[in-house]
Every structure is written in C-alpha cells, then in structure tokens.
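# Secondary and tertiary structure notes
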Amino acid sequence: MSLSSAKNYALRAARSQDEKEAIELLSKAILELATSIEATDAKLKRMNKST
C-alpha cells in the first residue's frame, strides 16, 4: 500500500471510459491514500515517543 499505488489507480480512473470502473478505481485510490496516511502517522508517533 503506497502513494504510488494510489496514483496508479487515479490515473487508470482518469483514462477509464466506464463510469462504474472509474468510481471503483477512485475508491481504491482513496483507500490506498488513507492507509498510507495512517501508516505515516503511526511512524511519526513512534518517532516522537522515542525522543
């Protein structure tokens, strides 16, 4: 799960000719972004606790 995966899903959605497929791809992109943000937040919290 990464920002690059989210970007790839978003790019595929932008190129999609099928509205349903585009919506599904954007949903996946949003979930990837949320997961990446949560992982980054957890890393930062661990770093802050160790200092």
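Values in this document were obtained by computation on a predicted structure and should not be read as measured data.

Analysis parameters
Residues numbered from 1 in each chain as written. Predicted model: local features only at pLDDT ≥ 70, side-chain atom pairs only at ≥ 80, totals over all residues. Heavy atoms only, no water. Helix = DSSP H or I, 4+ residues; strand = E, 2+ residues; numbered from the N terminus. Rg over C-alpha atoms; globule rule 2.2 N^0.38 Å. Buried < 20%, exposed > 50% of the residue type's maximum accessible area, 1.4 Å probe, protein only. Polar contact = N/O pair within 3.5 Å; in protein donor to acceptor, adjacent residues only side chain to side chain. Contact = heavy atoms within 4.5 Å.

On to the overall build of the protein chain, then. The helix and strand tally for the protein chain stands at 2 helices and 0 strands. The C-alpha atoms of the protein chain give a radius of gyration of 14 Å, which is well past the 10 Å a tight globule of 51 residues would have. For the protein chain, the spread of C-alpha atoms along the three principal axes comes to 50 × 15 × 10 Å. Burial analysis of the protein chain (51 residues in total) assigns 16% to the buried set.

For the rest of this paragraph, the subject is the environment of Ala14. You can see Ala14 is positioned in helix α1 (residues 3–15). Its relative accessible area of 66% is what places Ala14 among the exposed residues.

Take the environment of Ser2 next. Among the structural elements, Ser2 can be located in the segment before α1. On a C-alpha basis, the gap between Ser2 and Leu33 in space is 7.2 Å, while along the polypeptide they are 31 residues apart.

Turning next to the side chain of Ser16. Turning to its location among the elements, Ser16 is positioned in the loop between α1 and α2 (19–50). Taking relative accessible area as the criterion, Ser16 reaches 16% and is therefore assigned buried. Here the side chain of Ser16 touches Glu21 through a polar contact of 2.8 Å, side chain to side chain. Non-local contacts of Ser16, meaning those with residues more than four positions away in its chain, are made with Glu21 and Ala22.

Purely spatial values, then, with no claim about function.
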